[in-house]
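# Survey of secondary and tertiary structure
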Number of protein chains: 2
Amino acid sequence: MKVAIIGAGITQFGEFWERSYRELITEAGVKAIENAGIDGAEIQSLYVGSMTPGMFLEQEHVGALVVDNAGLLPIPATRVESACASGGMALRQAYLAIRSGVADIVVAGGVEKMTDVSTEQATIALAGAADQEWEAFHGATFPALYALMARRHMLEFGTTEEQMAQVAVKNHYNGSLNPNAQYRKPIKLEDVMNSSMVADPLKLLDCSPITDGAAAVILASEEKAKQLCDNPVWIAGSGQASDSLALHDRKSLSRTEAAVKASKIAYQMAGVNPKDIDFAEVHDCFTIAEIMAIESLGFCEVGKGGIFTEKGQTALTGSIPVNTSGGLKAKGHPVGATGIAQAVEATLQLRGEAGKRQIKDAKVGLTHNVGGSGASCVVHIFKSEVA
Amino acid sequence: MKVAIIGAGITQFGEFWERSYRELITEAGVKAIENAGIDGAEIQSLYVGSMTPGMFLEQEHVGALVVDNAGLLPIPATRVESACASGGMALRQAYLAIRSGVADIVVAGGVEKMTDVSTEQATIALAGAADQEWEAFHGATFPALYALMARRHMLEFGTTEEQMAQVAVKNHYNGSLNPNAQYRKPIKLEDVMNSSMVADPLKLLDCSPITDGAAAVILASEEKAKQLCDNPVWIAGSGQASDSLALHDRKSLSRTEAAVKASKIAYQMAGVNPKDIDFAEVHDCFTIAEIMAIESLGFCEVGKGGIFTEKGQTALTGSIPVNTSGGLKAKGHPVGATGIAQAVEATLQLRGEAGKRQIKDAKVGLTHNVGGSGASCVVHIFKSEVA
């Protein structure tokens, strides 16, 4: 059965001390409903991705919170969590719910409210995405884990700090073209290189920020999509895979196997290969993560992600534009919302509504959403047309 | 498409300071795999229900944690959260995954490790199932919310404290017949009545305990179930519904609308009505919750749950045995595991493997799993045979 996105909504991403969790996700949901041109009462099920409202806000049970505040009672509401891949997983569950036949219009949202706590508290909360007993307890927070991966990538493949910095420069430029991005100011290579060291070799501008924000998409079965929508965006492939939670248990520190496996499934399902992808939103929580992502997704050879980026191949004008939205790096990274925000960008690009960052004639897009240091990965492939 | 349970596993429930979260869920999963007589490599997807490992253990991303520790990499692993209904929701997602066609053998687990923190910390963590901003922040913890419902039920229908106490007496008796139960000692009516007041009118023995434990079931498509299993337990109906998160927003304090709606869907899907149910596992987080549950599920008239219980209709020898396992009250309530533990009991009963608490000729069973004070509800109906 075919499934399509028929509506998409997103909030401004940023630091909003005056806005609540429920307010953000409700705004995104209402925008998605309005964008789909449907009535809320037509929605039959709700999924929401959120990583840790418990540790950020002492609030769990956010499926019920969201469906209630959105005025969508009494439909089923389920929260899905897979660390920073929570949004992508919520999208996948919504997709599966339609394929299962129990619903034909489903909303998938993602939300996180991260700035109400101190940076230290946020760091501890985010460390819950790693292995608490084997990593976080010993002080290995996320910048440290990705720094280990970066060092290994540099050692094995000669990747340079400047190549990583180039990811940040590109994504900040793209973010400057996205009115919803947290950071809308281009930066230069020396800004990244001169920014303060967080976890050697990763500097402040190699890291994605702490962000408040929400996003939502409305999914429909083929029949409903054709009936309700002039420009459905088809979910042509959905792949998910897992790897060991703790970094030290992986075969390789410089390769993300879950991404390789998830993308292989998605490519096969969509009947495409990496060369067919017109643009991709990948999980650049740190600059090195984007370099490893483009290798795992097959956009370039293993080990060549740094040079591929340096040559501009992933820029808006390159052979495979990556993170046209600004990515997690510049658009912002409200962790549970990120996977859905990627789907929103794919929807805008495939509809030709991405404004100044529009990729010309984009017909096939990919999203790549990662949990933790790579233990969870979900990849979706979207098409503006299906055979 | 038909879906069946082909294997079930559960740990001892109790207070296990010497056992870890990952150890508990891995034990349950291995038992389920052994019970199904399959190889772990045949499992294609994993769902795990867990309410708040973040607030209990500073560990999120438990899908990856569990699939990794169980040796099931690299299959997709997704955590589902809906407060105390997390287990039931995980079961439902596993069921939908099979119906969607992306997998034909899926494991659904549930786990919580609650006793590593102080009772105060556990109370705060559990309050995350309520509306943080409108309830928990103001001091309305769960005993208080259910006490409000109990008072209203007493006022409207004349339900007595003794009738509520009778739920505890029955469930502790049933628990005494369940080797995996946290409490395996029968209690008397006066024990409940004389126990210390927690939130008037609910006393200590009206409340379910804080528990460590895990449970798992293996689900299979009809084709795989028939091929692999001599005594599959069929999931004949699955219903889920939502209500307002905060109690004050409900139309009635003495009625749980989400349970009414979820059960209606499940009954319709299974082609049965309340009279056809041979036994039920319901969400007795407090004694009043069981009384409201049996009314919402249609086992007795609205308002008559107290007298129905008093007359012994829900006892092992009654017209509709409820909580043969001992329920949350005596078996224990490791919140994320509870919904799966209910499915394990249904499986044992329908296979005739429930030992001293076996219901004779049980052919149709029901499980009722609730999140928060009733904002989420998921109902499943199981049959030993399907047409």
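From a predicted model like this one, the values you see are computed outputs, not experimental measurements.

## Here's the deal with the overall build of chain A
Along chain A, the regular secondary structure elements total 14 helices and eleven strands. Against the 2.2 N^0.38 benchmark of 21 Å for 387 residues, chain A shows a C-alpha radius of gyration of 19 Å, consistent with a compact globule. Considered along the principal axes of its C-alpha atoms, chain A spans approximately 55 × 45 × 40 Å. Counting the 387 residues in chain A, one finds 68% classified as buried. Sequence-distant contacts in chain A: of pairs separated by 6 or more residues, those separated by 24 or more amount to 77%. Here chain A has roughly 12,600 Å² of accessible surface; of this, 51% comes from carbon and sulfur atoms.

## Comments concerning the interface of chain B and chain A
Counting from both sides, the interface comprises 57 residues of chain B and, opposite them, 57 residues of chain A. Of the roughly 4,400 Å² buried where chain B meets chain A, counting both sides, 49% is carbon and sulfur surface. Taken as a group, B:E60, B:H61 and B:E81 account for 15% of the area that chain B buries against chain A, more than any other trio of residues on that side. Seen at the junction of chain B and chain A, the total is 38 residue pairs in polar contact (both at pLDDT 80 or more). Contributing elements (two or more residues each) for the side of chain B that touches chain A: α2 (53–57), α3 (62–69), β3 (77–81), α4 (86–100) and β8 (233–242) of chain B. In terms of residue count, α4(B) provides more of the side of chain B that touches chain A than any other element does, seven residues in total. Looking at side-chain class alone, the side of chain B that touches chain A contains 27 nonpolar, 18 polar and twelve charged residues. Note: strand β3 (residues 77–81) of chain A against β3(B), three bridges, orientation antiparallel. Counted as the bridge partner of A:R79 is B:E81 from β3(B).

## A short note on the pairing of strand β1 (residues 3–10) of chain B
Residue and element names in this part refer to chain B. Of all eight residues in β1, eight are buried, a share of seventy percent or more. Relative to strand β7 (residues 212–221), β1 runs antiparallel, the two being bridged by seven bridges. Looking at the pairing, A4 lines up with A220 of β7. For β1 and β8, the ladder comprises two bridges, and the chain directions are antiparallel. Following the sheet pairing, A4 is matched in β8 by W234.

## What to know about the relation of the copies chain B and chain A
Superposing chain B onto chain A takes a rotation of 180 degrees plus a shift of 0.0 Å along the axis, which leaves an RMSD of 0.0 Å. Read as a symmetry element, the transformation amounts to a two-fold axis. Every residue of chain B has its C-alpha some distance from the rotation axis, and the shortest such distance is that of B:S100, at 1.9 Å. Mapped onto chain A, 100% of the interface residues of chain B are again interface residues, and the two copies thus contact each other with one and the same surface.

## A word on the packing of aromatic side chains
Geometry of an aromatic ring pair is reported as the spacing of the ring centres plus the angle between the planes. Residue and element names in this part refer to chain A. This model, assessed by the stated rule, comprises four aromatic pairs over all chains. With centroids separated by 6.4 Å and ring planes inclined at 40 degrees, the aromatic side chains of F142 and Y146 adopt a geometry described as tilted. Of this pair, F142 and Y146 both sit in helix α6 (residues 142–157), four residues apart, roughly one helical turn. Accessibility classification places F142 together with Y146 in one group, the buried group.

## Focus: the side chain of A:E81
Structurally, A:E81 can be placed in strand β3. Take A:E81: its relative accessible area is 0%, and that puts it in the buried class. Only 2.7 Å separates the side chain of A:E81 from the backbone nitrogen of A:A83, close enough to count as a polar contact. Apart from residues lying up to four places away in sequence, A:E81 is in contact with A:S50, A:M51, A:S86, B:E60, B:H61, B:V62 and B:R79.

## Examining the domain arrangement of chain A
Size of an interface: often given as the accessible area lost when the parts come together. Residue and element names in this part refer to chain A. By domain assignment, chain A separates into domain 1 (3–118 + 210–228) and domain 2 (129–208 + 234–383). The gap between the C-alpha centroids of domain 1 and domain 2 is 22 Å. Opposite the 47 residues of domain 1 that make contact, domain 2 presents 37 residues. In this assembly, domain 1 and domain 2 are joined by zero salt bridges. Our count for the contact surface shared by domain 1 and domain 2 stands at 17 residue pairs in polar contact (both at pLDDT 80 or more). For the side of domain 1 that touches domain 2, the secondary structure elements donating two or more residues are β1 (3–10), α4 (86–100), β4 (105–113), β7 (212–221) and α9 (222–228). By residue class, the composition of the side of domain 1 that touches domain 2 is 24 nonpolar, 16 polar and seven charged.

## Focus: the side chain of A:K203
All names here are of chain A. With respect to the helices, strands and loops of the structure, K203 is situated in strand β6 (residues 202–203). The class for K203 is buried, based on a relative accessible area of 4%. A polar contact of 3.0 Å, which involves the side chain of K203, links it to the backbone oxygen of P201.

## Brief notes about the environment of A:A125
Residues and elements named next belong to chain A. Tracing the backbone shows A125 in helix α5 (residues 119–127). With eleven residues separating them along the chain, A125 and M114 place their C-alpha atoms 9.3 Å apart. Apart from residues no more than four positions distant in its own chain, A125 is found in contact with M51, T52, M55 and F56.

## Considering the nonpolar core
A general feature of soluble globular proteins is that nonpolar side chains tend to end up buried together. Counting 94 residues, the largest nonpolar core has B:Y146, B:I218 and B:I381 as the members making the most contacts within it. Setting aside its immediate chain neighbours within four residues, B:I218 contacts B:A4, B:I5, B:I6, B:G7, B:A32, B:I33, B:A36, B:I38, B:I43, B:I105, B:V106 and B:V107. Listed in part, the 74 residues of the second largest apolar core include A:I5, A:A94, A:F382 and B:A362.

## Looking at helix α11 (residues 287–296) of chain A
Residue and element names in this part refer to chain A. With ten of ten residues buried, α11 lies mostly within the body of the structure. Burial in α11 covers these residues: T287, I288, A289, E290, I291, M292, A293, I294, E295 and S296. Against α6, α7 (161–175), β6, α10 (257–270), α12 (305–310) and β10 (364–371) lie the buried residues of α11. One or two positions beyond α11, positive phi appears at G298, with a value near 85 degrees.

Calculation rules
Residues numbered from 1 in each chain as written. Chains lettered and ligands numbered in written order. Predicted model: local features only at pLDDT ≥ 70, side-chain atom pairs only at ≥ 80, totals over all residues. Heavy atoms only, no water. Helix = DSSP H or I, 4+ residues; strand = E, 2+ residues; numbered from the N terminus. Rg over C-alpha atoms; globule rule 2.2 N^0.38 Å. Buried < 20%, exposed > 50% of the residue type's maximum accessible area, 1.4 Å probe, protein only. Contact = heavy atoms within 4.5 Å. Areas by Shrake-Rupley, 256 points an atom, 1.4 Å probe, with all protein chains shown as cover. Buried area = accessible area lost by both parts, 1.4 Å probe. Polar contact = N/O pair within 3.5 Å; in protein donor to acceptor, adjacent residues only side chain to side chain. Nonpolar A, V, L, I, M, F, W, Y, C, P; charged D, E, K, R; others polar. Pairing = 2+ DSSP bridges. Least-squares fit on C-alpha atoms with pLDDT ≥ 70 in both. Phe/Tyr/Trp six-rings, centres within 6.5 Å; stacked < 30°, edge-to-face > 60°. Domains from an automatic or database assignment. Salt bridge = Lys/Arg side-chain N within 4 Å of Asp/Glu carboxyl O. Core = buried A, V, L, I, M, F, W, Y, C linked by side-chain atoms within 4.5 Å.

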